[in-house]
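Residue strings, one per chain:
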Amino acid sequence: MEQVLVASNGEKQEANDGNTVDFRGNPADKSKTGGWLAAGVALVTELSERIVVMGISMNLVTYLVGDLHLSSAKSATVVTNFMGTLNLLGLLGGFLADAKLGRYLTIAIFASITALGVILLTMATTIPSMRPPPCDDYRRKHHQCIEANGQQLAMLYAALYTIALGGGGIKSNVSGFGSDQFDGADPKEKKAMIFFFNRFYFCISIGSLFAVIVLVYVQDNVGRGWGYGISAVIMVIAVIVLLCGTPWYRFKKPQGSPLTVIWRVFLLAWKKRGLHHPFPPSLLNQYENAKVPHTKRFNCLDKAAILEDYSAGSRNKSDPWIVSTVTEVEEVKLVLKLIPVWSTCILFWTIYSQMTTFTVEQATFMNRKLGSVTIPAGSFSAFLFITILLFTSLNERLFVPLARRLTHNAQGITCLQRVGMGLILAIVAMVAAAIIEKERRDNAVEKKTQISAFWLVPQYFLVGAGEAFAYVGQLEFFIREAPERMKSLSTGFFLSTLSMGFFVSSLLVSIVDKVTEKHWLMSNLNKGKLDYFYWMLAVLGVLNFLVFIVFARKHQYKVQQYDCSSDTMQKEQKTSKEMAVVAIEMKDSMEGP
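It should be emphasised that the depicted structure is a prediction, and the values quoted were computed from it without experimental measurement. (Residues numbered from 1 in each chain as written. Predicted model: local features only at pLDDT ≥ 70, side-chain atom pairs only at ≥ 80, totals over all residues. Heavy atoms only, no water.)

Trainee: I would appreciate a short explanation of the overall build of the protein chain in the present structure.
Mentor: Within the protein chain, the regular secondary structure consists of 19 helices and six strands. For the protein chain, with 593 residues in total, the buried portion stands at 53%. Partitioning the contacts of the protein chain with sequence separation of at least 6, the portion at a separation of at least 24 is 82%. Accessible area for the protein chain stands at about 27000 Å²; split by element, carbon and sulfur atoms hold 64% of it. (Helix = DSSP H or I, 4+ residues; strand = E, 2+ residues; numbered from the N terminus. Buried < 20%, exposed > 50% of the residue type's maximum accessible area, 1.4 Å probe, protein only. Contact = heavy atoms within 4.5 Å. Areas by Shrake-Rupley, 256 points an atom, 1.4 Å probe, with all protein chains shown as cover.)

Trainee: Got a minute to help me understand the pattern of salt bridges in this structure?
Mentor: Any two side chains of opposite charge can pair, given that their charged atoms come close. Evaluated as defined, the whole model comprises ten salt bridges. For Asp531, the salt bridge goes to Arg441, with nearest N and O atoms at 2.7 Å. Separated by 90 residues along the polypeptide, Asp531 in helix H18 (residues 530–554) and Arg441 in helix H15 (residues 415–446) bring together distant segments of the chain. Owing to a relative accessible area of 2%, Asp531 belongs among the buried residues under this scheme. Each of Asp302, Glu330 and Lys333 takes part in one network of salt bridges that share partners. (Salt bridge = Lys/Arg side-chain N within 4 Å of Asp/Glu carboxyl O.)

Trainee: Mind showing me how you'd approach the packing of aromatic side chains here?
Mentor: Describing an aromatic ring pair means giving the distance of the ring centres and the angle of the ring planes. All chains considered together, the criterion is met by 21 aromatic pairs. Taken together, a centroid distance of 5.3 Å and an interplanar angle of 70 degrees make the contact between Trp349 and Tyr352 edge-to-face. Here Tyr352 and Trp349 lie together in helix H12 (residues 326–353), a separation of three residues that amounts to about one turn. For the pair shown, Trp349 and Tyr352 are each scored as buried. Summarising the aromatic geometry, the rings of Phe380 and Phe454 are spaced 5.4 Å apart at their centres and angled 70 degrees between planes, so their arrangement reads as edge-to-face. With Phe380 in the loop between strand S6 (373–374) and helix H14 (382–407) and Phe454 in the loop between H15 and helix H16 (457–481), this pair connects stretches of sequence that are 74 residues apart. In textbook terms, an aromatic cluster arises when at least three aromatic residues are bridged by ring pairs, as seen for Phe348, Trp349, Tyr352, Tyr471, Phe477, Phe478 and Phe494. Directly above the aromatic system of Trp270 lies the positively charged group of Arg273, at a separation of 3.9 Å from the ring centroid. (Phe/Tyr/Trp six-rings, centres within 6.5 Å; stacked < 30°, edge-to-face > 60°. Lys NZ or Arg CZ within 6 Å of the ring centre and 35° of its normal.)

Trainee: Please explain the packing of H12 against H18 as it appears in this structure.
Mentor: For any two helices packed against each other, one specifies the crossing angle of their axes together with the interaxial distance. For the pair H12 and H18, the least separation of the axes is 9 Å and the interaxial angle reads 155 degrees. With respect to H18, the axis of H12 lies roughly antiparallel. Viewed along their axes, H12 and H18 form a crossing whose handedness is left-handed. Counting all contacts with H12, which are made through Pro340, Val341, Ser343, Thr344, Leu347, Thr350 and Ile351, the residues of H18 involved are Leu537, Leu540, Gly541, Asn544, Val547, Phe548 and Phe551. (Axes fitted to C-alpha atoms, helices over the stretch in contact; angles between N-to-C directions. Parallel < 35°, antiparallel > 145°, perpendicular 65-115°, else oblique. Left-handed = near helix turned anticlockwise from the far one by under 90°.)

Trainee: Which parts of the structure should I look at to understand the environment of Lys74?
Mentor: For Lys74, the position within the fold is in helix H3 (residues 72–88). You can call Lys74 partly exposed: its relative accessible area is 35%.

Trainee: In this structure, what is going on with H12? I would like to understand it.
Mentor: Because each turn of an α-helix spans 3.6 residues, side chains separated by three or four positions in sequence point in the same direction. Its 28 residues place the ends of H12 41 Å apart at the C-alpha level, agreeing with the 40 Å of an ideal helix rising 1.5 Å per residue. Largest kink in H12: about 35 degrees, centred on Pro340. Within H12, 25 of the 28 residues are buried, which leaves it mostly tucked inside the rest of the structure. (Expected span 1.5 Å × (residues − 1). Bend = angle between axes of the 7 residues up to and from the residue.)

Trainee: I would appreciate a short explanation of the side chain of Gln181 in the present structure.
Mentor: Relative to the elements of secondary structure, Gln181 occurs in the loop between helix H7 (150–179) and helix H8 (187–221). A distance of 2.7 Å separates a polar atom in the side chain of Gln181 from the backbone nitrogen of Arg250. Apart from residues no more than four positions distant in its own chain, Gln181 is found in contact with Gly34, Gly35, Ala38, Ala39, Glu189, Trp248, Tyr249 and Arg250. (Polar contact = N/O pair within 3.5 Å; in protein donor to acceptor, adjacent residues only side chain to side chain.)

Trainee: I'm lost on the packing of helix H4 (residues 90–101) against H7 in this one. Help?
Mentor: Contact geometry for H4 and H7: axes closest at 7 Å, N-to-C directions at 60 degrees. With respect to each other, H4 and H7 are oriented oblique. Handedness of the crossing formed by H4 with H7: right-handed. Note on element contacts: H7 touches H4 through Leu165, Gly168, Gly169, Ser172 and Asn173, opposite Gly90, Leu92, Gly93, Gly94 and Ala97. Of the residues that constitute the contact of H4 with H7, the class distribution is three nonpolar, seven polar and no charged. (Nonpolar A, V, L, I, M, F, W, Y, C, P; charged D, E, K, R; others polar.)

Trainee: Is there a simple way to explain the side chain of Thr387 in this structure?
Mentor: With respect to the helices, strands and loops of the structure, Thr387 is situated in helix H14. A distance of 2.6 Å separates the side chain of Thr387 from the backbone oxygen of Phe383, its partner in a polar contact. With residues near it in sequence (within four places) discarded, Thr387 still touches Tyr460, Phe461, Gly464 and Ala465.

Trainee: What is the right way to read the environment of Val341 from this model?
Mentor: Position of Val341 relative to the elements: it lies in helix H12. Judged by relative accessible area, which is 2%, Val341 ranks as buried. On a C-alpha basis, the gap between Val341 and Ala552 in space is 6.9 Å, while along the polypeptide they are 211 residues apart. Other than its neighbours up to four places away in sequence, Val341 contacts Leu416, Phe477 and Phe548.

Trainee: Can you walk me through the confidence of the model for the protein chain in this structure?
Mentor: Detailed reading of the predicted coordinates is not advisable wherever pLDDT falls low. Predicted confidence across the protein chain gives a mean pLDDT of 81, with 86% of residues reaching 70 or more. Element-level pLDDT for the protein chain is lowest in strand S1 (residues 4–6), with a mean of 33, against a maximum mean of 94 in H18. For residues 1–16, every residue scores under 50 in pLDDT, and the model assigns this stretch 32 contacts once sequence neighbours within four places are set aside. The model gives residues 561–593 a pLDDT under 50, and that stretch makes 25 contacts with residues more than four places away or in other chains. (pLDDT = per-residue confidence, 0-100.)

Trainee: Quick question: what am I supposed to make of the state of the cysteines here?
Mentor: Here, the word disulfide means a covalent bond between the sulfur atoms of two cysteines. If you walk through the whole model with that rule in mind, you get zero disulfides. In this model Cys345 remains outside any disulfide bridge; the closest cysteine sulfur is found in Cys415, 9.8 Å from its own. (Disulfide = S-S within 2.5 Å.)

Trainee: Help me out: how do you make sense of the nonpolar core in this one?
Mentor: Side chains that are nonpolar tend, in soluble globular proteins, to be buried together. One finds Ile56, Leu64, Tyr352, Leu384, Phe385 and Phe533 to be the most contacted residues of the largest nonpolar core, which totals 131 residues. Sort the elements by how many residues they give to this core and H15 lands first, with twelve residues. When residues of this core are sorted by domain, at least three fall in each of domain 1 (19–256) and domain 3 (326–559). Those residues within four positions of Leu384 in sequence are excluded, and the remaining contacts are Met58, Tyr352, Met355, Tyr460, Val463 and Gly464. In terms of nonpolar packing, the next biggest core, distinct from the first, is built from 19 residues, Ile262, Ala269, Leu284 and Ala305 among them. (Core = buried A, V, L, I, M, F, W, Y, C linked by side-chain atoms within 4.5 Å. Domains from an automatic or database assignment.)

Next comes the structure, spelled out in structure tokens:
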């Protein structure tokens, strides 16, 4: 008899699905594969990717403005487009892993692509012909510097987007591949899996901290080529370590892309739009075997699971292009339920993106001396990651236990409450950034003095605290609320909020630059009005938060939905049985004794 477990999220899971194998394709031996060794080796790849990406993104704007002589607005757009593309390509990585390649092979291929991209970036920033002539302070102040031409930027863009392609494939699969090394049906390994996710976020934050302190210092004081060259070596070593760990991994066979399922349900629902909804719903295809309980939301999609006369045969009944199952329809409904919250998470990452662009630019116009040492502008991002590490620890050890006492909820605060807290902190961060920028500009213009760059710490602190709440809350929300078999897709969906946040930042910068005729976002911040841009983001943040509150209050968590739907399903099954009994009695009475 097939053993079935009911997951906490309301879906059924097979305890032994035979889908976990070793590198030879044989059923995985738990004593020889998986566990902390395999998960730790896999984690090295994500750690290296984070070192590479943070080492580039947190200091790239200073290279674009200082060495390539691009405007502040254009430089910010280059950085945010790079980060946006990287996170958006997480959807591609998740699709390929689920559909064909599997997580391991996808990670190995895309990690190699990342290594190639960093090597190209090292060459692009080292070859003298790839940069315009140097520009002194006098010509810089009078906007007389020669800007890098298209040919000089071509290799840089090729390198950046190669890294974005590789990084996207790694990001959407490493956490899932790491969790594959633990058996969720084994109580001991399940605890280890939870601990793995905690350490996963901690490690990538440590990697980011290393990048902005060590690599940024090397880039500014030794040379860009050296800084990016170290990143290239780290990434190559990560690929070698990943490949060497192959005998110890557990591999999950690809089950087919969820995107195909989603597209198929929409297509069949459209084709059958003229049909009437069956009553009771238990007449839908494979209703009683559904792994996700039936709901009445988006009931127009139920038509994809209607059994027509020609599809009622056993062969046609199992053809997914003729009729969907209730499980598939309900999985699509679960994905659709994520979209309202997804849309309101975007602006947080728009605000976060300012930490990699204009905040770094602010630091270049401030006093960065600490004793006799001048701190690189990009290294002030260290305060962002220190705050993330601090609040990640405080969340689990202080805030969550305190919230449990106040709310009498085992979770302490829900994932959406975490996201809401992150949105509030982001708004406050932009208010602080606007006030500090006005003070900085007034001192520079009126008093001819530079205030300390450590005045940027409040905005880094607030955004870092906000990320500790928002990142964890969003990741938990998208993974827990999405269908069980759509792990990679849901991770990619989560990463797309980061992507859209960076793209929205690029769009806002372009619009503001055009509307204000380049008076707000000038390369010389002393002549611009950057504080106005921050105030605009704060106002947009307030409006976005109000919309988020509306969506969050209406959202019904999957566990709650399961509880409600179980009763509904039982009633519908009872109705169906009663109707079947009546039909049999009518048939008997018509046929006679």
